[in-house]
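Listed below are the residues making up each chain.
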Amino acid sequence: MVDLPSVRGTLSLDRPLADLTWMRVGGPADVLFQPADVDDLAAFLAALPAEVPVFPMGVGSNLIVRDGGIRGVVIRLGRGFNGIEIDDTGLTAGAAALDAHVARKATDAGLDLTFLRTIPGTIGGAVCMNAGCYGTYVADVLQAVTVVLRDGTVATLPADALKLAYRQSDLPQGAVVVSARFKAPQSAPDALHQRMADQLAKRDETQPTKDRTAGSTFRNPAGFSSTGRADDVHDLKAWKVIDEAGMRGARLGGAVMNEKHANFLTNAGGATAADLEDLGEMVRKKVYDSQGIALEWEIMRVGVRKAGDTAK
């Protein structure tokens, strides 16, 4: 590894990442950098040689880190990036702010970001994935994002520059989201709190929230999220095509496609990252062979499969 720039935050070498992900699997990062603030992050990236890869990591809620770990620098934002500010025209949230916390603070102020309440993870990840549920997406309410580019430049990008689409964005390569600006519809706080309570109850009824998962495993082939409404249709939903392929409850090592919700890949105990990813690939093959549908991963898989590898 190259000599690393001086920082005010924390640098950890050969840092295991399993305990930082919801799936509790994966090998170490060559370097884990937890910057103190935006200036610390910008100075670090400006001084870090351009050939060193960087990977921004949130709370690991939508992530499988492969067993061999991640080469280069993993950047994990913390307390210096979790602020939430509300004014007359909207809300600005740090990239490390939890989606659920942002939803609650917005609701208290009469701003409708209720769809974020049941989305695991942080605002940075929500922007990168154009997260959404119940018929609303980040793209519907995002005004702009502030990022630190790979060369250390701090830039503010309008939402349309990200070309947000279903579960994807077009951020510059190596950019790290540090905050996002939202404009949300106004409504009565009591009504918004009740809506969130109803959404949480529905989620807990239909999803394995107490199991070790990383959320939805595959994108819906239909190209949109569940609306949660009574008239919601389930044609081309990922869970349905997995069910129809007979893969609900399928197992490989410690990995299982959850019995409660077939689109939730689960570490049932002792799974490796390879168990999880390989079971996911088995599901994709079975769905394609039986129905001609090519499922696309929603969970991000990063790193190398075994120590010493330089590519996956």
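Before reading on, note that the structure itself is shown above.
Cut-offs used in this document
- Residues numbered from 1 in each chain as written.
- Predicted model: local features only at pLDDT ≥ 70, side-chain atom pairs only at ≥ 80, totals over all residues.
- Heavy atoms only, no water.
- Salt bridge = Lys/Arg side-chain N within 4 Å of Asp/Glu carboxyl O.
- Helix = DSSP H or I, 4+ residues; strand = E, 2+ residues; numbered from the N terminus.
- Buried < 20%, exposed > 50% of the residue type's maximum accessible area, 1.4 Å probe, protein only.
- Pairing = 2+ DSSP bridges.
- Axes fitted to C-alpha atoms, helices over the stretch in contact; angles between N-to-C directions.
- Polar contact = N/O pair within 3.5 Å; in protein donor to acceptor, adjacent residues only side chain to side chain.
- Contact = heavy atoms within 4.5 Å.

Novice: Is there a simple way to think about the pattern of salt bridges in this case?
Specialist: Should the charged atoms of two oppositely charged side chains come close, the side chains can pair. By the definition in use, this model includes 16 salt bridges. Arg167 is the salt-bridge partner of Glu298, the closest N and O atoms lying 3.0 Å from each other. One end of the pair, Glu298, is in the loop between helix 7 (273-291) and strand 16 (300-302); the other, Arg167, is in the loop between strand 11 (154-158) and strand 12 (176-182), with 131 residues separating them in the sequence. The same class applies to Glu298 and to Arg167, which are both buried. Among the salt bridges present, the one from Asp243 reaches Arg248, with a minimum N-O distance of 2.8 Å. Arg248 gets classed as partly exposed once you look at its relative accessible area, which sits at 27%. One continuous salt-bridge network, built from bridges that share partners, spans Arg66, Glu277, Asp278, Arg301 and Arg305.

Novice: Any chance you could explain the sheet that holds strand 1 (residues 10-16) here in plain terms?
Specialist: The strands making up a sheet associate through backbone hydrogen bonding, with each pair oriented either parallel or antiparallel. Pairing within the open sheet is mixed, and its four strands lie in the order 1-2-5-3. Of all the strands in the sheet, the pair left with one neighbour each is strand 1 and strand 3 (54-57). On average, adjacent strands in this sheet sit at an angle of 30° to one another, irrespective of strand direction.

Novice: What is the right way to look at the side chain of Thr217 in this model?
Specialist: Its place among the elements puts Thr217 in the loop between helix 5 (189-206) and helix 6 (238-244). Of the residues examined, Thr217 reaches a relative accessible area of 0% and is grouped as buried. At 2.8 Å, the side chain of Thr217 forms a polar contact with the backbone nitrogen of Leu265. The contacts of Thr217, once residues within four sequence positions are left out, are Asn263, Phe264, Leu265, Glu296, Trp297, Glu298 and Ile299.

Novice: In this structure, what is going on with the pairing of strand 7 (residues 90-94)? I would like to understand it.
Specialist: Strand residues, when the strand is regular, have side chains that alternate between the two faces of the sheet. Burial analysis of strand 7 places four of its five residues in the buried class, the great majority of the element. Strand direction decides the pairing type here: strand 6 (residues 84-87) and strand 7, joined by four bridges, are antiparallel. Pairing of Ile86 across the sheet is with Leu91, part of strand 7. Pairing of strand 7 with strand 12, which is carried by four bridges, proceeds in the antiparallel orientation. Paired with Thr92 across the strands is Arg181, a residue of strand 12.

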